[in-house]
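# Observations on the model geometry
Now for the letters of each chain:
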Amino acid sequence: GRTEDRGLQVIPGAPPRVSTVQVPRQSPSAEEVLLRVQAAALTATDVQLCQGTLPGWGQSGAFVPGIFFTGKVLSLGKFVHGLRVGELVLGLRPPEADCSGGCYCESLCAHYSVLIPLEGLVETKFQPTTILAHVPPMISALMCVASQLRLQPTQALLLLAPRLEEAIFI
C-alpha cells in the first residue's frame, strides 16, 4: 500500500506560508483508527494557529492544521470495537504542543475516543461537508451556553431539537 499522503503544511505568520507536502501514512496503534479524510473544517482556532496569534500558543514551526473532520474508517487498532471499516465518522484532532499534525491531510490516525460514528445518527441526505460545517459553530454555541450557566463538573445540559435540520446532532 501507499506509505505517504499529501498534507497541507503551514508556517505561521502574517500572512502564513502554505505548501502541500508529503506526510508519512501512519499505522494505527492498538487504540487508534486509520481514516481517509473526507472533509476538514476551517475554524477560528485554525486561523489563529496559522497566523501565529492564538493566545498561549508559542509554536512558530511548520505544522499541519485542522481540528474537526469527517472521514471513512480504513483500518482499526486491535483494541478498537464499535466501528467498522468503511464507516463514516466525525472526528476531533486537538492541537498538540508539538504541532505533529491536524486533519488537513489525506489520511490520519485518531484515538477511538474522539470519533463519533455518523451512520444512524444523521440522515443520509446530509453530506460530510454539510455536517462538518455545523459542528464548530455548534460547539462554540454550546460552550457559550455552558459558561453562562456555570455548569459544574457533575451537571449536564440536554438540548432537544424538533427536527434534525435544526440541530444536525441531538
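Refer to the structure presented above.
Description of the structure in this document. (Residues numbered from 1 in each chain as written. Predicted model: local features only at pLDDT ≥ 70, side-chain atom pairs only at ≥ 80, totals over all residues. Heavy atoms only, no water.)

## Focus on the nonpolar core
- Residues Val 33, Leu 35, Phe 69, Leu 108 and Leu 115 are the most contacted members of the largest nonpolar core, which totals 17 residues.
- If one sorts the elements of this core by residue count, strand β3 (residues 32-40) sits on top with three residues.
- Residues in contact with Leu 115, not counting those within four places in the same chain, are Val 33, Leu 35, Phe 69, Leu 83, Val 89, Leu 90, Gly 91 and Ala 110.
- One finds Val 10, Leu 49, Cys 50 and Leu 54 within the second-largest nonpolar core, a separate group that totals five residues. (Core = buried A, V, L, I, M, F, W, Y, C linked by side-chain atoms within 4.5 Å. Buried < 20%, exposed > 50% of the residue type's maximum accessible area, 1.4 Å probe, protein only. Helix = DSSP H or I, 4+ residues; strand = E, 2+ residues; numbered from the N terminus. Contact = heavy atoms within 4.5 Å.)

## Digging into helix α1 (residues 44-51)
- For α1, the set of buried residues is Asp 46, Leu 49 and Cys 50. The arc enclosing the buried residues of α1, seen along the axis, measures out at 95 degrees, which places them on a common side.
- Turning to α1, the residues buried within the fold contact β1 (4-11).
- Gly 52 occupies a position one or two residues after α1 and carries a positive phi of about 75 degrees. (Arc of directions from axis to C-beta.)

## As for the sheet that holds strand β6 (residues 107-111)
- In spatial order, the strands read β6-β3-β4-β5-β7; together these five strands make up an open sheet with antiparallel pairing. Here the strands that pair on one side only, and so sit at the sheet edges, are β6 and β7 (115-117). Strand-to-strand twist across the sheet, computed as the mean angle between neighbouring axes with direction ignored, equals 45 degrees.
- Where strand β4 (residues 68-76) meets strand β5 (residues 88-92), five bridges bridge the pair, whose relative direction is antiparallel. Residue pairing in the sheet places Phe 68 in a bridge with Leu 92 of β5. (Pairing = 2+ DSSP bridges. Axes fitted to C-alpha atoms, helices over the stretch in contact; angles between N-to-C directions.)

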